[in-house]
Amino acid sequence: MMKSEKKYGGGMLHHLDPLSKLVALACIAALAMHWDELQRQVILLLVLVAGAKLGAGIGWARLLRRIAWILGFGLPLFVVTALAVQLREGSAGGGGFLPISATALEDAAAVTLRLVNLFLSSLAYIESTNPKDFVVMMSTRLKLPYRFVFGVSLAMTFLPLLAEEGRQAAAARKLRLGRKPRGVAERLAQWRGQLVTVFTGAIRRVEQTAGAMDVKGFGAYRERTFLRDVPLKAVGVWTMLASLVLTAGLWML
């Protein structure tokens, strides 16, 4: 049976409260959306990789797999952006082996890295944040509706669980097959079966969660109380202030 609880701790980000990390996440997202230069996106990528590895405690193998996964979505974005910039410039190409200019390729790479940076920052936040602490902090400090906060926390909880189910399903299919899949047809069949397994597991978990929340009377009252409390410590306040000041300074550069 798969473990549904995850241990949090060890990395620097694990010791920060969800609110201070959320402010830092918003600042990173603002810089990623504001910067258009490829060099700045590369620097931001290196900072986020270091933060995910050292702060959130994500291993190199897992981190590289996540980056490769998001690059699968970024490749079509890269191609479309490069063609769009090329058509906007109205030039015939770079004059060399490639029919696309260097400016178009640089702009497309910057847009693709922006997607990767947004993904990495969100991944580090999810990996270093306890969903229970997130619910308490957002409901008590920001006074957000607890129905909305619980919806976000469920997404934060289910995504790692579904990813783990996908890995277990892939390992089980590999053992049953006894060898690596051969050819495009076998690979597509394996991926299709894995997607069906993950989708079925997601539906099962949603039904179980909905039933449990209904039994407990979720949403019956306007306000909700919590047994636990997540304090906003001084290090969290300084983290938010430093994030805002640093973002404002980098924004003006």
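A brief structural summary. The structure presented is a predicted model; accordingly, all values stated were derived computationally and were not measured.

1. Some details on the environment of Leu 77
Okay, step 1: Along the chain, Leu 77 turns up in helix H3 (residues 60-89).
Okay, step 2: Between the C-alpha atom of Leu 77 and that of Gln 208, which follows or precedes it by 131 residues, the distance is 37 Å.
Okay, step 3: The contacts of Leu 77, once residues within four sequence positions are left out, are Val 111, Thr 112 and Leu 115.

2. Quick notes on helix H6 (residues 146-177)
Okay, step 1: Under the 1.5 Å per step criterion, the end-to-end length of H6 is 46 Å for 32 residues, consistent within 8% with the ideal 46 Å.
Okay, step 2: If you check which residues of H6 are buried, you get Tyr 146, Val 149, Phe 150, Ser 153, Met 156, Phe 158, Leu 161, Leu 162, Glu 165, Gly 166 and Ala 169.
Okay, step 3: Buried residues belonging to H6 abut helix H4 (102-128), helix H5 (131-140) and helix H7 (183-215).

3. Observations concerning the nonpolar core
Okay, step 1: One finds Leu 45, Val 49, Ile 58, Leu 63 and Leu 120 to be the most contacted residues of the largest nonpolar core, which totals 21 residues.
Okay, step 2: Every element with two or more residues in this core is listed here: helix H1 (18-34), helix H2 (38-55), H3 and H4.
Okay, step 3: Of the residues forming this core, the biggest block, six residues, is contributed by H4.
Okay, step 4: By size, the runner-up hydrophobic cluster in this structure holds 16 residues, among which are Leu 25, Cys 27, Val 149 and Phe 150.

4. Some thoughts on H5
Okay, step 1: Among the 10 residues in H5, eight count as buried, and that is most of the element.
Okay, step 2: Those residues of H5 lying buried are Pro 131, Asp 133, Phe 134, Val 135, Val 136, Met 137, Met 138 and Ser 139.
Okay, step 3: Check the buried side of H5 and you find it contacts H1, H4 and H6.

The rules behind these values
- Residue positions are given per chain, counting from 1 as you read along its sequence in written order.
- For this predicted model, a pLDDT threshold of at least 70 governs which residues receive local features, and a threshold of 80 or more governs which side-chain atom pairs are given and counted, while totals over whole chains, interfaces and linings are taken from all residues.
- The basis for the side-chain values is all heavy atoms of the structure; hydrogens and waters are excluded.
- Helical segments are the DSSP runs of H or I of at least four residues, strand segments are the runs of E of at least two, and each set is numbered from the N terminus.
- Throughout, a residue-residue contact means that at least one pair of heavy atoms, one from each residue, lies within 4.5 Å.
- Every helix has an expected span of 1.5 Å times one less than the residues it contains.
- Working definition: with a 1.4 Å probe on protein chains only, accessible area under 20% of the residue-type maximum means buried, over 50% means exposed, and in between means partly exposed.
- Nine residue types can take part in a nonpolar core, namely buried Ala, Val, Leu, Ile, Met, Phe, Trp, Tyr and Cys, and a core is a set of them joined through side-chain atoms within 4.5 Å.

Keep in mind these numbers describe shape, not what the thing actually does.
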